[in-house]
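# Chain and residue survey
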Amino acid sequence: MTDRRRDSSEPLEREDRTKRGRTGRERTDGGKSTGDAFESGDGSHHPGPPRFVTVGDGIVNPNGNEMEPRDDLAPWNPDAEGGYAWRVADAPPDSRAEPTDGPVAEFVPDVPGVYILELEAPDGVHELTVRAFPDSEADGTEPRPRIRLEADVRGDRIELLPNATLSGRISTAVGGSEDMEGDADEAALEVEYYVDDRDDLAVASDGTIALEDVTERARIYAVAVTDDGRYSLPDALEVVPVGDSADGDSTARDDADGDGVRIERPFEPPAWVENAVVYEAFIRRYPDQSEPTFETFADRLDHLEKLGIDVLWLTPFLETKRGFGTPDELGGPHGYHTTDYLRVDPDLGTLAEFEALVDACHERGIRVVFDLVINHTADTHPFFEAAIDEDHPDHERYRDWYRWEDVEAREPDAYFDWGEIPNLDHGNPAVREYLLDVIDFWAPKVDGFRTDVAWGVPLSFWAEVYDRVTSADAEFFLLDETLPSSVEMGGGRFHAHHDDRLYSALETIGNAVATDVDGVEEETNAVVDAFTDSVLESDGDSPDASLVLDAVDERARRGGHLSSLWLTYVENHDTDRYLSSYGRDAQLAAGAATFTLPGIPMLYAGQETGLRKRREPMNWGEEDEELLAYYRRLVDLRKSHPALQTDADLERIEYGTETDAAVAYARADPKRGRRVVVALHFGEGAATIGVDEAVAETDLLTGETVVRNERDGPGIRDESDNGADRGMAGEESTFDRTISVETAVVLEVDE
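Residues numbered from 1 in each chain as written. Predicted model: local features only at pLDDT ≥ 70, side-chain atom pairs only at ≥ 80, totals over all residues. Heavy atoms only, no water.

## Here's the deal with the overall build of the chain
Looking only at helices and strands, the chain has 14 helices and 34 strands in total. Looking at the chain as a whole, 59% of its 751 residues qualify as buried. Partitioning the intrachain contacts of the chain with sequence separation of at least 6 by distance along the chain shows that 71% fall at a separation of at least 24. Accessible area of the chain: about 28300 Å², with a carbon and sulfur share of 42%. (Helix = DSSP H or I, 4+ residues; strand = E, 2+ residues; numbered from the N terminus. Buried < 20%, exposed > 50% of the residue type's maximum accessible area, 1.4 Å probe, protein only. Contact = heavy atoms within 4.5 Å. Areas by Shrake-Rupley, 256 points an atom, 1.4 Å probe, with all protein chains shown as cover.)

This is the structure in structure tokens:
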């Protein structure tokens with residue numbers, strides 16, 4: 001089986017940024033080509049892949065939906081002047097459900113089963129399958145299934161091979177929708193297949209497809225379902241006839257998986273990001289502060305190259321209400337209040353100078369991610385000014401571009417107390433058409449998008465954006481900010497998600513161990529504090545450092561897509577500095593957690609140099625050299641050791657310690673036969689951790705000897721989950737080896 005990814009080379013050449021889509025048309029720097037290379041789906045108004053929902057919840061997009069993602073039904077490639085209407089063409093017996101009126105609609109199924117909706121559009125009538133599952137009796141604590149769909153060509157048929165998981169355990173289906181084999185204590189799993197409504201293909205009851213029927217590219221979706229109604233996010237495969245290459249050539253391909261077809265995985269992340277290290281730079285505070293521009297930013301790229309950074313996430317650099325001169329009490333000059341989506345902030349430089357910065361990054365092998373802010377605009381954006389001014393010649397047009405709490409009182413819909421950034425109305429096709437143009441403009445200039453307030457933009461729109469940009473460039477990367485994080489963002493919407501659960505666990509542990517921290521006066525920022533306090537709830541009162549393992553387990557329990565990646569971080573521009581809040585020891589341990597647990601580790605500018613305020617300028621020339629050297633070692637080890645790579649396993653191990661501020665776990669790469677044990681201590685001083693693992697004596701991070709390999713050491717309490725099974729929890733016990741750990745230790749295991 002093949003996928004649409006390739007490994008990156010260093011440096012990244014300028015021509016690598018020219019995008020070629022399935023059409024093979026080159027894009028211009030303006031994001032449009034004479035051949036209109038940017039298209040969603042097949043270029044029609046068809047509303048995209050089948051939808052999978054729960055009865056009663058459905059597909060809705062209400063005002064005030066502050067804590068959950070929105071969703072709707074919408075035409076792709078929307079035409080603001082076109083006419084659209086939704087209706088139910090087929091439904092389960094006894095259903096009375098109907099979509100709401102309007103070109104962008106809501107729909108709440110009232111009976112479990114399969115619905116066929118029709119969208120009447122200017123280019124014809126399009127069908128969309130909506131599978132509604134029963135409202136599960138599970139209360140949210142039971143794990144949600146996950147599925148990975150494989151395929152193999154056998155004779156004259158393509159055999160679909162679904163692998164499903166529940167509670168982290170893999171079970172394999174015999175084929176079709178037969179029960180999947182699993183542990184006795186697990187609910188039975190079945191698999192359902194759906195072909196994209198745009199494709200003329202059929203899956204037989206035995207889970208196979210006739211090879212002769214594959215005459216055009218087609219997409220197949222698989223969903224795993226428990227007997228009590230829990231269902232997975234869909235996984236997808238594309239079957240592509242030989243000769244259906246991206247540029248339309250009919251030449252046979254060497255990467256075909258069988259006689260006449262190849263199999264592609266459209267939901268896989270780009271290969272270059274899977275083991276990357278990300279750096280978030282607060283763009284107006286990172287360069288030399290005497291002249292903070294794109295040009296002086298480029299002068300500081302040597303720092304990132306020496307640190308080993310692969311991906312640079314730039315906070316917004318477009319024209320903004322919150323540019324230079326914004327006081328600290330308003331968040332400083334952060335740029336999240338956009339006033340022009342197609343113009344860079346002139347105080348930072350020109351578009352050409354920004355592109356030169358991207359080129360300079362590429363010369364160092366660093367990809368650039370654009371912070372896309374399309375949930376809202378600033379209240380000084382010309383669109384909003386027209387919307388609230390009845391005398392403005394474009395008032396009638398732009399009034400409908402925003403969501404309103406009270407349209408007559410000119411009170412816009414906004415999250416929390418963010419009154420100065422009114423929410424756009426993505427239920428208006430004109431808004432979607434405009435935002436797609438914005439995306440088309442910026443996508444060729446960067447390597448990916450980090451999407452701000454992604455939960456405020458409907459899932460249907462993100463599905464279209466994903467299809468649109470990855471069809472044109474299979475290496476394009478999409479990262480969502482959804483807090484609390486939502487697994488619904490995975491599987492054809494985003495490749496990676498902010499891991500707020502791990503961040504929250506690190507906050508809980510830090511708060512428990514913090515003593516007399518030599519920090520700074522507490523900052524006050526109503527926007528940031530209201531946001532983080534509202535959505536990032538504590539994992540509980542327990543200060544046990546094993547919370548970091550529970551946070552990772554949550555990804556599987558909640559049903560995260562098996563291809564989804566998770567951005568792990570200690571802090572970012574919306575949080576207080578971990579160093580000032582919880583102290584140096586805790587910060588070092590927390591940083592090590594983000595680099596040694598599964599995920600994409602991220603550093604926020606200044607974390608590695610000792611900054612203590614959320615958005616203060618970089619301390620060039622006054623860096624904490626010891627801290628910087630520590631993070632360089634972490635980056636080097638994360639990138640060089642196979643047991644710390646993305647596809648390496650995380651293992652809970654038996655360990656004993658005298659403190660709740662310590663934890664131990666293992667990472668393993670069975671393919672290469674490499675395994676490490678990681679020990680973290682968030683408290684002051686040194687902790688002793690006992691393990692029954694054949695660990696080497698030398699710490700891979702420091703080169704120091706930290707292990708004693710005999711059993712005659714002092715008794716240590718066994719705090720591992722497995723200790724209870726051995727009847728040792730809280731009792732005196734002896735382990736084969738004892739580890740002395742101040743903050744973080746990584747030890748090779750001799751298997």
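Moving on, there is more to tell.
## Some points on the environment of aspartate 647
The residue aspartate 647 is located in the loop between helix 13 (625–640) and strand 25 (649–652) in this model. We classify aspartate 647 as exposed; its relative accessible area is 52%. Once the C-alpha coordinates of aspartate 647 and glycine 599 are considered, the two residues, 48 residues apart in sequence, prove to be 9.3 Å apart.

## Looking at the pattern of salt bridges
By the definition in use, this model includes 54 salt bridges. A salt bridge links arginine 87 to glutamate 118, with the nearest nitrogen and oxygen atoms 2.9 Å apart. Taken together, the positions of arginine 87 in strand 2 (residues 85–90) and glutamate 118 in strand 3 (residues 113–121) put the pair 31 residues apart, joining distant regions of the chain. The partner of aspartate 553 in a salt bridge is arginine 652, and the shortest N-O contact between them spans 2.8 Å. Of the two residues, aspartate 553 sits in helix 10 (residues 547–557) while arginine 652 sits in strand 25, which places them 99 residues apart along the sequence. Owing to a relative accessible area of 38%, aspartate 553 belongs among the partly exposed residues under this scheme. When its relative accessible area of 33% is taken as the criterion, arginine 652 is described as partly exposed. Put simply, Arg148, Glu150, Asp235, Arg265 and Glu268 are held in one network by salt bridges that share partners. (Salt bridge = Lys/Arg side-chain N within 4 Å of Asp/Glu carboxyl O.)

## Notes on the sheet that holds strand 2
The strands that make up a sheet are held in pairs by hydrogen bonds between backbone atoms, and each pair lies either parallel or antiparallel. The four strands lie next to each other as 1-4-3-2, forming an open sheet whose pairing is mixed. The open sheet has two edge strands with one neighbour each: strand 1 (51–54) and strand 2. On average, adjacent strands in this sheet sit at an angle of 35 degrees to one another, irrespective of strand direction. Bridge analysis of strand 1 against strand 4 (residues 124–133) gives four bridges, and the strand direction is parallel. The partner of phenylalanine 52 across the bridge, within strand 4, is arginine 131. (Pairing = 2+ DSSP bridges. Axes fitted to C-alpha atoms, helices over the stretch in contact; angles between N-to-C directions.)

## Topic: the side chain of serine 564
Its place among the elements puts serine 564 in the loop between helix 10 and strand 23 (565–568). Taking the relative accessible area as the measure of exposure, serine 564 reaches 12% and is therefore buried. Setting aside residues no more than four positions away along its own chain, serine 564 makes contact with Gly490, Gly491, His495 and His497.

## Some details on the pairing of strand 28 (residues 674–681)
As a general feature of sheets, a regular strand has side chains that alternate between the two faces. The buried fraction of strand 28 is high, at seven of eight residues. Pairing of strand 27 (residues 662–669) with strand 28 involves eight bridges; the strand directions are antiparallel. For tyrosine 665, the partnering residue across the bridge sits in strand 28 and is valine 678. The antiparallel hairpin formed by strand 27 and strand 28 contains four residues in its connecting segment, where glycine 673 sits at a positive phi of about 65 degrees. Sheet topology places strand 28 next to strand 34 (residues 744–748); five bridges connect them, and they run antiparallel. Directly across from valine 676, in strand 34, lies its bridge partner glutamate 748.

## A few points about the packing of aromatic side chains
Tallied over the full model, the rule gives 35 aromatic pairs. A centroid spacing of 5.5 Å and a plane angle of 20 degrees characterise the contact between tyrosine 503 and tyrosine 569, whose relative ring orientation is stacked. You can see tyrosine 503 sitting in helix 8 (residues 500–513) and its partner tyrosine 569 sitting in the loop between strand 23 and helix 11 (578–582), a full 66 residues away along the chain. Each member of the aromatic cluster is reached from another via a ring pair, and the members are Phe294, Phe317, Phe354, Phe370, Phe441, Trp442, Phe449 and Phe476. Geometry around phenylalanine 441 places lysine 445 over its ring, the cationic atom sitting 4.5 Å from the centre. (Phe/Tyr/Trp six-rings, centres within 6.5 Å; stacked < 30°, edge-to-face > 60°. Lys NZ or Arg CZ within 6 Å of the ring centre and 35° of its normal.)

## As for helix 7 (residues 459–472)
With 14 residues, helix 7 extends 20 Å between its outermost C-alpha atoms, agreeing within 8% with the 20 Å of an ideal straight helix rising 1.5 Å per residue. Extensive coverage of helix 7 is indicated by the burial of 14 of its 14 residues. (Expected span 1.5 Å × (residues − 1).)

## Observations concerning a negative patch on the surface
Residues Asp156, Asp200, Glu212, Asp213 and Glu216 make up a contiguous surface patch of negative charge. For glutamate 216, the position within the fold is in the loop between strand 9 (208–210) and strand 10 (218–226). (Patch = residues over 30% accessible without salt bridge, like charges linked within 9 Å, V, L, I, M, F, W, Y side chains within 5 Å. Lys, Arg positive; Asp, Glu negative; His and termini not counted. Charge placed at Lys NZ, Arg CZ, Asp CG, Glu CD.)

## Regarding the sheet that holds strand 30 (residues 707–708)
One open sheet holds the four strands; their spatial order is 26-29-33-30, and the pairing between them is antiparallel. The open sheet has two edge strands with one neighbour each: strand 26 (655–657) and strand 30. Strand direction decides the pairing type here: strand 29 (residues 687–691) and strand 33 (residues 737–741), joined by five bridges, are antiparallel. Residue pairing in the sheet places threonine 688 in a bridge with serine 740 of strand 33.

## Section: the packing of helix 8 against helix 10
Remark: helix 8 packs on helix 10, axes separated minimally by 8 Å, with the N-to-C direction vectors making an angle of 165 degrees. Comparing their axes, helix 10 and helix 8 come out roughly antiparallel. For helix 8 against helix 10, the interelement crossing comes out right-handed. In this structure, helix 8 contributes Arg501, Leu502, Ala505, Leu506, Thr508 and Ile509 to the contact, and helix 10 contributes Leu547, Val548, Ala551 and Glu554. Class assignment of the residues belonging to the contact of helix 8 with helix 10 gives a composition of seven nonpolar, one polar and two charged. (Parallel < 35°, antiparallel > 145°, perpendicular 65-115°, else oblique. Left-handed = near helix turned anticlockwise from the far one by under 90°. Nonpolar A, V, L, I, M, F, W, Y, C, P; charged D, E, K, R; others polar.)

## Side note on the packing of helix 6 (residues 429–442) against helix 7
At a minimum axis distance of 11 Å, the contact between helix 6 and helix 7 shows a crossing angle of 35 degrees. Handedness of the helix 6/helix 7 crossing: right-handed. For the pair formed by helix 6 and helix 7, the contact residues are Arg432, Leu435, Leu436, Ile439 and Asp440 on the first element and Ser460, Phe461, Glu464, Val465, Arg468 and Val469 on the second. Tallied by class, the residues present in the contact of helix 6 with helix 7 amount to six nonpolar, one polar and four charged.

## Structural notes on the nonpolar core
Buried together is how nonpolar side chains tend to be arranged in soluble globular proteins. If you look at the biggest cluster of nonpolar residues, it comprises 135 residues, and the most contacted ones within it are Tyr279, Leu314, Phe317, Trp442, Phe449 and Phe682. In terms of residues, this core owes the most to one element, helix 6, which gives nine residues. Ranked by size, the runner-up nonpolar core spans 24 residues in total, among them Leu189, Tyr193, Leu201 and Ile220. (Core = buried A, V, L, I, M, F, W, Y, C linked by side-chain atoms within 4.5 Å.)

## Some points on helix 10
Of all 11 residues in helix 10, eight are buried, a share of seventy percent or more. Listed in full, the buried residues belonging to helix 10 are Leu547, Val548, Leu549, Ala551, Val552, Glu554, Arg555 and Ala556. On its buried face, helix 10 is in contact with strand 5 (146–154), helix 8, strand 23, strand 25 and strand 27.

## What to know about the environment of alanine 668
Mapped onto the secondary structure, alanine 668 falls in strand 27. Here alanine 668 falls in the buried class, since its relative accessible area comes to 6%. Separated by 17 residues in the primary sequence, alanine 668 and glutamate 651 place their C-alpha atoms 7.6 Å from one another.

## A short note on unusual backbone geometry
Omega for the peptide link from leucine 483 to proline 484 comes to 0 degrees, which places this bond in the cis form. One non-glycine residue with positive phi stands out, namely arginine 410, at about 60 degrees. Its place among the elements puts arginine 410 in the loop between strand 18 (404–406) and strand 19 (411–412). The class of arginine 410 is partly exposed, set by a relative accessible area of 23%. In this structure, phenylalanine 416 takes a positive phi of about 50 degrees despite not being glycine. By the secondary structure assignment, phenylalanine 416 is in the loop between strand 19 and helix 6.

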